Amino acid sequence: MAKSVVWFKKDLRIHDNAALAKAAEAGAVCCIYIVEPSIWQGPDASKQHYDFILESLRDLYVALKKLGATLHVLTGEACDVLERLHAHTPFDAIYSHQETGNYASFMRDLAVKGWCKNKNIAWHEPIQSGVFRGRLDRDDWQRLWTQHTSQSQTPTPERLVSFQPLVEQVKPPTAEQLAIDLLDPPSRQRGGRSQAMYVLDDFINNRSESYRGGISSPLSAPTACSRISPYLTHGCVSVREVYQRVMYAIADETQEDSRRAKGLRSMVSRLYWHCHFIQKLECEPELEFQNMHRGYDGLRENDWNAKHFDALSEGRTGWPIVDACVAMLKHTGWINFRMRAMLVSTAAYPLWLHWKPVGNWLARHFLDYEPGIHWSQMQMQSGTTGINIPRIYNPIKQAQDHDPRGVFVRKWLPELRQVPDPWVFEPWKIPDDLIRTVSKVSPPKINAPIVDLEMSTRAAKQKLFERRGRPEVSAEKSAVLNKHGSRKRPVLRNKPKSGTAPPVSPQHTLDF
Ligand SMILES: Cc1cc2nc3c(=O)[nH]c(=O)nc-3n(C[C@H](O)[C@H](O)[C@H](O)COP(=O)(O)OP(=O)(O)OC[C@H]3O[C@@H](n4cnc5c(N)ncnc54)[C@H](O)[C@@H]3O)c2cc1C
């Protein structure tokens, strides 16, 4: 009987798992997860990601046990672990889903490919979402995406025949032992398939009617958004399963114009964007550290300002909504799309910080860190894609629009609780005599903004638009557009029929 290793990577589930199903069809399986120290020591990893994965592995262990197999968590560099495993327990093939991860995992995959070739071991890598490898015609991408997400989910094997690896089994190391960045937001979402199902059901049944209209404000977004992102990132649930569950709920909805139906339709369109962005990194892994449009090289790289970065990352820029978002992120590991975009825009324009170090800092803070979405969005919000109209968010206007009574900023910045409404978004403007009146005990500690917002934004715009205007930069734009641009279809307003593409909203209307 053929022996295969099933290597779980960013697919910590047995449901809709093509790698597991194909390996089971081929013969006996040995299920493994590899804790790779070099990947965990990267600048984009943190303890919250690791702990979330360990929680997810517990659910996966239980699920595999019920099928008659064990999950073996092995530690070491992937090629060394496979070599050890193979030396003690020879196997014929490896099955794992295609992974579009960070550059370190891309290089690791190349090394594993070489190792398999040397050992004459077949490595089967089925796709796990609407992201495709190899030469890709972007014009055809939407059709392929729809085909994949509308196909039946892969059935879970009823029973697994397993073989035991004859290698020493030790407990997975702790984050401290791995020397991972120890960031650990106390109120982050917990990992695992059961949590993923709870969050998805709760969204579909109870929260989706608040989606439209609720996702832009940092006050309503934590409950209005689906909150499925970390479970998609680590594969506790597949994009296809989420897509189909939501599409069924839409089809079941009797009133197609109900708030719930509209919310579900809007949410499902984001699953398309999920894969669209990851596809960019799949086609060009260098996007993690290189400007998408090379004409923007040198724009910010030599202007690094450590004081600005420290103020941003310590939540003391002086702009209340920015600092409140940083406080929330440190506490929960999540903020909504609009606030992420505003944070990056503030970093990129008034603070004039290059997207790479800011992106690493945010990657550690986002529990749902998904390199494909993250790096493309970092570049988009920083104006280095060359194909998107730069959106520069004014943090004071954002606060007025999305937190009009100052509830959010007062929640996360206790020092602003005593500041009256008129000054809550610009507390440095509060008159001195009023400070003494409102705070009888001690005056609130108010940071003045680290830079003058208007002047610094104007200077940033000038530098950016000077670059955009250069003939060689605008000439290169169509090549970038051709490679990475969306071939979006118009927004669908009506009830989707089963098997049709979801409603797709253009990227600039991703929040309402
Ligand atoms: C600078 C920046 C960095 C980001 N980094 C990440 C990241 O590392 N991982 C990540 O999953 N999302 C990222 N996003 C996109 C978005 O903010 C999150 O997907 C969303 O906030 C997750 O919450 P949710 O699951 O409740 O989203 P929902 O609004 O409920 O959306 C459902 C799903 O659709 C996908 N999605 C939603 N918005 C987008 C988008 N704009 N682009 C691509 N896919 C989207 C996600 O998979 C999300 O889970 C980033 C956005 C910005 C501006």
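Residues numbered from 1 in each chain as written. Predicted model: local features only at pLDDT ≥ 70, side-chain atom pairs only at ≥ 80, totals over all residues. Heavy atoms only, no water.

Notes on the sheet that holds strand 5 (residues 122-124)
If you walk across this open sheet you meet the five strands as 3-2-1-4-5, and the pairing is parallel. Both outer strands of the open sheet, strand 3 (71-75) and strand 5, are each paired with one neighbouring strand and no more. Here the average twist between neighbouring strands, direction ignored, is 30°. The pairing of strand 1 (residues 2-8) with strand 2 (residues 27-35) spans seven bridges and is parallel. In the sheet register, Ser4 faces strand 2, and the bridge partner there is Val29. Strand contacts of helix 1 (residues 18-26): strand 1, strand 2 and strand 4 (93-95), with the helix running at about 145° to strand 2, the strand carrying the most contacts. (Pairing = 2+ DSSP bridges. Helix = DSSP H or I, 4+ residues; strand = E, 2+ residues; numbered from the N terminus. Axes fitted to C-alpha atoms, helices over the stretch in contact; angles between N-to-C directions. Contact = heavy atoms within 4.5 Å.)

A few points about the nonpolar core
Ile228, Val242, Leu312, Leu343, Val358 and Leu362 are the most contacted members of the largest nonpolar core, which has 84 residues in total. Per-element accounting of this core gives the leading share, nine residues, to helix 13 (residues 259-283). Two domains share this core, each providing at least three of its residues, namely domain 2 (130-155 + 193-283) and domain 3 (288-484). With residues up to four places along the chain from it excluded, the contact list for Leu312 reads Thr317, Val322, Val326, Leu343, Ala347, Leu351, Leu353, Val358 and Trp361. Ranked by size, the runner-up nonpolar core spans 30 residues in total, among them Tyr50, Leu57, Ala69 and Val73. (Core = buried A, V, L, I, M, F, W, Y, C linked by side-chain atoms within 4.5 Å. Buried < 20%, exposed > 50% of the residue type's maximum accessible area, 1.4 Å probe, protein only. Domains from an automatic or database assignment.)

A look at the UniProt feature "binding site: FAD" (unreviewed entry) in the protein
When the UniProt feature table is mapped onto this chain, "binding site: FAD" (unreviewed entry) is found at Tyr211. Relative to the helices and strands, Tyr211 resides in helix 9 (residues 211-214). With relative accessibility at 5%, the residue Tyr211 sits in the buried group. Excluding its chain neighbours within four sequence positions, the residues that come into contact with Tyr211 are Phe203, Ala224, Cys225, Ser226, Gly263, Ser266, Met267 and Arg270. (UniProt positions renumbered as here; feature names shortened; annotations may be inferred.)

Observations regarding the UniProt feature "domain: Photolyase/cryptochrome alpha/beta" (unreviewed entry) in the protein
What UniProt calls "domain: Photolyase/cryptochrome alpha/beta" (unreviewed entry) maps, in this numbering, to residues 2-131. Between the C-alpha atoms that bound residues 2-131 there is a distance of 29 Å. The span itself is 48% helix and 21% strand.

Notes on the pairing of strand 3
Each regular strand displays side chains that alternate between the two surfaces of the sheet. With respect to burial, strand 3 is a largely interior element, four of its five residues being buried. Inspection of the sheet shows strand 2 paired to strand 3 by five bridges, in the parallel sense. For Val35, the partnering residue across the bridge sits in strand 3 and is Thr75.

Brief notes about the packing of aromatic side chains
What the rule picks out here adds up to 15 aromatic pairs. On the basis of an interplanar angle of 35° and a centroid distance of 6.3 Å, the ring pair of Phe91 and Trp115 is categorised as tilted. One end of the pair, Phe91, is in the loop between helix 4 (78-88) and strand 4; the other, Trp115, is in helix 5 (residues 103-119), with 24 residues separating them in the sequence. With respect to burial, Phe91 and Trp115 carry one shared label: buried. Considering the side-chain rings of Phe309 and Trp361, the 6.0 Å spacing of their centres and the 85° angle between planes classify their relative orientation as edge-to-face. With Phe309 in helix 14 (residues 306-313) and Trp361 in helix 17 (residues 355-365), this pair connects stretches of sequence that are 52 residues apart. (Phe/Tyr/Trp six-rings, centres within 6.5 Å; stacked < 30°, edge-to-face > 60°.)

So, a nonpolar patch on the surface
Side chains of Phe106, Met107 and Leu110 sit close together on the surface and give an oily, nonpolar patch of about 260 Å² of accessible area. Tracing the backbone shows Leu110 in helix 5. The class for Leu110 is partly exposed, based on a relative accessible area of 43%. (Patch = residues over 30% accessible without salt bridge, like charges linked within 9 Å, V, L, I, M, F, W, Y side chains within 5 Å. Areas by Shrake-Rupley, 256 points an atom, 1.4 Å probe, with all protein chains shown as cover. Salt bridge = Lys/Arg side-chain N within 4 Å of Asp/Glu carboxyl O.)

Observations concerning the site of the ligand
Taken together, 29 residues sit near the ligand, with Tyr211, Ser226, Arg227, His274 and Glu370 positioned nearest. Side-chain polar atom of Ser226 to an oxygen atom of the ligand: 2.6 Å apart, as the coordinates give it. Note that an oxygen atom of the ligand is positioned 3.0 Å from one of the backbone N or O atoms of Ser229. Taken by itself the ligand offers 830 Å² of open surface, and the protein chains cover 98% of this. (Near = heavy atom within 4 Å. Polar contact = N/O pair within 3.5 Å; in protein donor to acceptor, adjacent residues only side chain to side chain.)

Quick word on the domain arrangement of the protein
Partitioning the protein into domains gives domain 1 (2-128), domain 2 (130-155 + 193-283) and domain 3 (288-484). Domain 1 and domain 3 are separated by 37 Å when their C-alpha centres are compared. Domain 1 puts 12 residues into the contact, and the matching count from domain 3 is 12 residues. Buried surface at the junction of domain 1 and domain 3, both sides included, amounts to about 1,000 Å², of which 53% is carbon and sulfur. A per-residue breakdown of the area domain 1 buries against domain 3 is headed by Pro43, Asp44 and Gln48, which together make up 43% of the total. The interface formed by domain 1 and domain 3 includes one salt bridge. One salt bridge connects Glu370 with Lys10, and the closest N-O pair in it is separated by 3.3 Å. (Buried area = accessible area lost by both parts, 1.4 Å probe.)

Quick notes on the pattern of salt bridges
A complete count under the given rule lists 31 salt bridges for this structure. In this structure, the salt-bridge partner of Arg294 is Asp297, at a minimum N-O distance of 2.9 Å. For Asp297, a relative accessible area of 29% translates into the label partly exposed. For the salt bridge of Glu466 with Arg470, the shortest nitrogen-to-oxygen distance reads 3.1 Å. According to the relative accessible area criterion, Glu466 is partly exposed, its value standing at 44%. Sharing partners across several salt bridges, the network here consists of Lys47, Asp51, Glu55, Asp184, Arg188 and Arg190.

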